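# Fold and geometry: a report
The lines below spell out each chain.
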Amino acid sequence: MVSSCLSNKRYTYIHENENEPTRGAIDIHHVIINGSRATGYARLRWLAFFLVGLAILLGKDNPVRTLSWSCLLSGFFVMIQSRKFVKKESVIIMPTFGIQLQTQYLSGKTVSRFIPIGKILKPVLVECVTPVTCYWSLSLFLRGEEQLTLVFKELRPSLKMLVPIWKALCAVSGTDQREMMTEEEHVVAVECKEYNELYQQMWCQPNYYTSKDKIYSVTKSSKLK
Amino acid sequence: MAEPKLRVLMVSDFFFPNFGGVENHIYYLSQCLLNLGHKVVVMTHAYGNRTGVRYMTGGLKVYYVPWRPFTMQNTFPTVYGTLPIVRTILKRERITVVHGHQAFSTLCHEALMHARTMGYRVVFTDHSLYGFADVGSIHMNKVLQFTLADIDQAICVSHTSKENTVLRSGLAPGKVFMIPNAVDTAMFKPADVRPSSDDVITIVVISRLVYRKGADLLVEVIPEVCRLYPNVRFVVGGDGPKHVRLEEMREKHSLQDRVEMLGAVPHSRVRSVLVTGHIFLNSSLTEAFCIAILEAASCGLLTVSTRVGGVLPDDMVVLAEPDPDDMVRAIEKAISILPSINPEEMHNRMKKLYSWQDVAKRTEIVYDRALKCSNRNLLERLSRFLSCGAWAGKVFCMVMIIDYLLWRLLQLLQPDDDIEEAPDINFCN
C-alpha cells in the first residue's frame, strides 16, 4: 500500500508500507525517473538518425550498402546504450534481516544487492562536491569495507526524498538520529570499535570513491586540529 | 535558531590546512561573524586528499572544491570553469554577500566575477602589497583592475595597503575601507614570570630569512649591537635563503654564544619563543600589515621596527629607517626605555586595540554598506569596464558579456529551482 508519494520535475518517490505497520513489516522505497523512457529513447533516436545521415553523406559510392550497414550499426549502438537507462531504483528494508538495493533498467534488466543487517554500521546523508556541482546522496558505512556504499547508484534524488529513507534505515540499523545532527564533536556517534576505526580512516583521508561513481565529500562536524 | 542576518561566502585559494596570515584572517573573521549571528561559508580549492564539505568550529562550513592547484596554491585559471560550482554554492546556501580575499588568488577573482554577473553583492579584501615594475605585477594589477572595476566595497588592512591598492587598481578611494588585522590575544599572553632584564637583555627576531623581510639588515645590525652592549643576546627564529649569511656573520664575529639560531619555528611555538625575550626586532623592508609585531606586543615585548604598515601606538614601538645605523640607534633607545615597560599593561592595551570582534563589527558595517549599493544592469556595468584601458577595457567587456551568456545558458540547462537549498545545521551546544 502506498503510504506516501513525493514528486518533482525529475523524480517521483513512492513509499510502500503494510496497511497496519507491524513490527517486522517490510518497507519499500522507490525512486522513479519521470519520463525516462521518452527522453532516453528520443535522444538515442536522434543520434541514430544523425549517424545514418552522416554515413549516407560519406558513402556516396554504394548508397544501399552504406545505408544497410549504418542502420545495423546504429541499431546496435542504440541497443547497447539503452541498457544503461535506469527506470527505477528501490530500497527494500526487511527489519532484523537486511536491506535490498535494486536498480531497474529500461531494458527490463534488474540489478540487486542484498546487505545483511549485521553489516550495516550507519547510514549517512552526504554532500558530494564535484568540480561543477554539489548534491546530496545517501550512503552506508559497511563493516569490512573501506568505501562508502551508495544506496542510489545512478539517480540523484533530492534531500526531501532522501530524508525519509535515511530515517527508515536509521531505525532498522539502530542508529539514534539525534546523534547525527546536533553535537559539535562528532556528527556520527561512536558505537563500536570497528566503526570507530573505519570512521578514523575515512575522516583522515576524505577522498573516497565508490566502485563506479566519484564521491568527493562527507558532511561532518569536527573541531579543526 | 533565528534566521541569520547576513549570509556571507568567503572565497580564497588560501585557507586551512595551508597556514598563513590570510588563512588566519579568514578563519578568525568568520568565527567572529558567526558569533554575531551571521551565517558564513568558506569556499576554497581542494588540498591533496581534502576535498568536499567540512564543518569547522562553530558550524563554519567549508567547501573544498576539487579543482587542482597549479602554482603557489592557486587554482588553475579557466576564467569560466568555476561558474557552475560557484552558482550552485551561491544558490544552495542562499548567499547575500560574497567576500573575496587576496589579490593573488585566481579562485577569488573568478568567483567575484561570476557573483557580480549573477547580481550578488561583492566585497574584496587585499592583504598584501605588490610592486608595479615587474612583469608578474603588471599582469596581476590588470586582473585586479578588472575585478575591482565592478566591486561594491573594498577593504584594506592598513593605510599603506590602501594607497597601494588604490594606485594599482584605479579604484575610487572612497570605496576602500581600512580595517586593520587583529591578533589572538588569548593565545599571545606575556609570561607569568617575566625574564629578568638586569643581567641579560634578549632580543627576539622571528621572520622568514628572505630579502623582503630585511635579513640583510640583520646581518649588519646584530654584530654592531653585540659590540656596543655586552649584555645583549639575540634569538633568531625562522628559516630561508639568507640563513647562510647569518651563520657566516656568527662565525666571523664569534657570536655563537650570543646569537641563537632556532631554525623554522611552527606558529604554535612562536609564543613560547617570544616570552623568553624583552625586545622584538622587525626589519622588514615592506609589509602590508605586520602581524608579527602585534603578536610580540601582545606578549609584552617592546618592539623595534622599520616603518611598515600596521603600526602600534608610539610608546610600544621604536621606529627606524631600513638602514643599519638607524636601527642600531633605535635598539639603543629601546634598551634605555626597557625598564619602564610593563608587559601585562601592554597586553591589556593590545586586547582593547586589536581584537577580532572589533574587526568583525567593522566588516559588518562594510557589508551593510555593500548591500545598500544599487544593483546595476549589464549595460551600466560594462561602461565601468571601458574606462580600464584602450584595449583592456574592450577585452574586459567581452569577457563579461560571455560570462553573462554562459550564465543564462546554465539557467536554461539547470533552472534555479532545480538547485536544492542546503539546510542550516545548528551546532549550538
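Residues numbered from 1 in each chain as written. Chains lettered and ligands numbered in written order. Predicted model: local features only at pLDDT ≥ 70, side-chain atom pairs only at ≥ 80, totals over all residues. Heavy atoms only, no water.

## Observations regarding the overall build of chain B
- A tally of regular secondary structure across chain B gives 14 helices and 16 strands.
- What you see for chain B is a C-alpha radius of gyration of 24 Å, in line with the 22 Å of a compact globule of 429 residues.
- Each principal axis of the C-alpha distribution contributes one length, and for chain B these read about 75 × 55 × 40 Å.
- Restricting the contact set of chain B to residue pairs at least 6 apart, pairs at least 24 apart contribute 73%.
- For chain B, the accessible area works out to roughly 17,800 Å², and carbon and sulfur atoms hold 57% of it.
- Positive and negative charge centroids in chain B, built from 46 and 45 side chains respectively, lie 5 Å apart. (Helix = DSSP H or I, 4+ residues; strand = E, 2+ residues; numbered from the N terminus. Rg over C-alpha atoms; globule rule 2.2 N^0.38 Å. Contact = heavy atoms within 4.5 Å. Areas by Shrake-Rupley, 256 points an atom, 1.4 Å probe, with all protein chains shown as cover. Lys, Arg positive; Asp, Glu negative; His and termini not counted. Charge placed at Lys NZ, Arg CZ, Asp CG, Glu CD.)

## Observations concerning the overall build of chain A
- When helices and strands are tallied, chain A shows five helices and nine strands.
- Listing the helices and strands of chain A from first to last along the sequence gives β-β-β-α-α-β-β-β-β-β-β-α-α-α.
- Across the 225 residues that make up chain A, the buried fraction comes to 44%.
- Summarising the internal contacts of chain A: among those between residues at least 6 apart in sequence, 50% fall at separations of at least 24.
- For chain A, the exposed surface amounts to about 12,500 Å²; the carbon and sulfur share of it is 59%. (Buried < 20%, exposed > 50% of the residue type's maximum accessible area, 1.4 Å probe, protein only.)

## Some thoughts on the pairing of strand β4 (residues 60–65) of chain B
All names here are of chain B.
- For β4, the buried fraction is high: six of the six residues fall into the buried class.
- Residues Leu60, Val62 and Tyr64 line one face of β4 and the alternating positions Lys61, Tyr63 and Val65 line the opposite face, and both faces are buried.
- Pairing of strand β3 (residues 52–56) with β4, which is carried by five bridges, proceeds in the antiparallel orientation. Counted as the bridge partner of Tyr55 is Lys61 from β4.
- Hairpin connection from β3 to β4: three residues lie between these consecutive antiparallel strands, with Gly58 at a positive phi of about 85 degrees. (Pairing = 2+ DSSP bridges.)

## Things to note about the nonpolar core
Residues and elements named next belong to chain B.
- Ranked by size, the top nonpolar core spans 95 residues in total, and within it Phe15, Ile222 and Leu274 carry the most contacts.
- For this core, the element with the most residues is helix α6 (residues 215–228), which contributes eight residues.
- If we skip the residues at most four places from it in the chain, Leu274 touches Phe188, Val204, Ile206, Phe280, Glu295, Ala296, Cys299 and Leu301.
- One finds Ala111, Leu148, Val166 and Trp407 within the second-largest nonpolar core, a separate group that totals 40 residues. (Core = buried A, V, L, I, M, F, W, Y, C linked by side-chain atoms within 4.5 Å.)

## Overview of the sheet that holds strand β9 (residues 149–150) of chain A
- Here three strands make up an open sheet; going across it, the order is β7-β8-β9 (chain A) and the pairing antiparallel. The open sheet has two free edges, formed respectively by β7 (120–129) and β9 of chain A, since each of these has just one partner strand.
- As paired elements, strand β8 (residues 134–142) of chain A and β9 of chain A share two bridges and run antiparallel to each other. The residue bridging Ser139 of chain A from the neighbouring strand is Leu150 of chain A, located in β9 of chain A.
- Sitting on the sheet, helix α3 (residues 159–173) of chain A touches β7 and β8 of chain A, and the angle it makes with β7 of chain A is about 160 degrees.
- Here helix α2 (residues 83–92) of chain B sits on the sheet and contacts β7 and β8 of chain A; the angle it forms with β8 of chain A, its principal contact strand, is near 80 degrees. (Axes fitted to C-alpha atoms, helices over the stretch in contact; angles between N-to-C directions.)

## Quick word on the UniProt feature "domain: PIGA GPI anchor biosynthesis" (unreviewed entry) in chain B
- Those places that UniProt annotates as "domain: PIGA GPI anchor biosynthesis" (unreviewed entry) correspond, in this numbering, to residues 45–134 of chain B.
- In the segment residues 45–134 of chain B, helix accounts for 24% and strand for 31%; the C-alpha atoms at its two ends are 28 Å apart. (UniProt positions renumbered as here; feature names shortened; annotations may be inferred.)

## Section: the side chain of His15 of chain A
All names here are of chain A.
- Tracing the chain through its elements places His15 in strand β2 (residues 11–16).
- Overall, His15 belongs to the buried group, its relative accessible area being 13%.
- Side-chain polar atoms of His15 contact the side chain of Asp27, separated by 2.5 Å.
- When near neighbours in sequence (up to four residues on either side) are disregarded, His15 contacts Met1, Val2, Ser3, Ser4, Asp27, Ile28 and His29. (Polar contact = N/O pair within 3.5 Å; in protein donor to acceptor, adjacent residues only side chain to side chain.)

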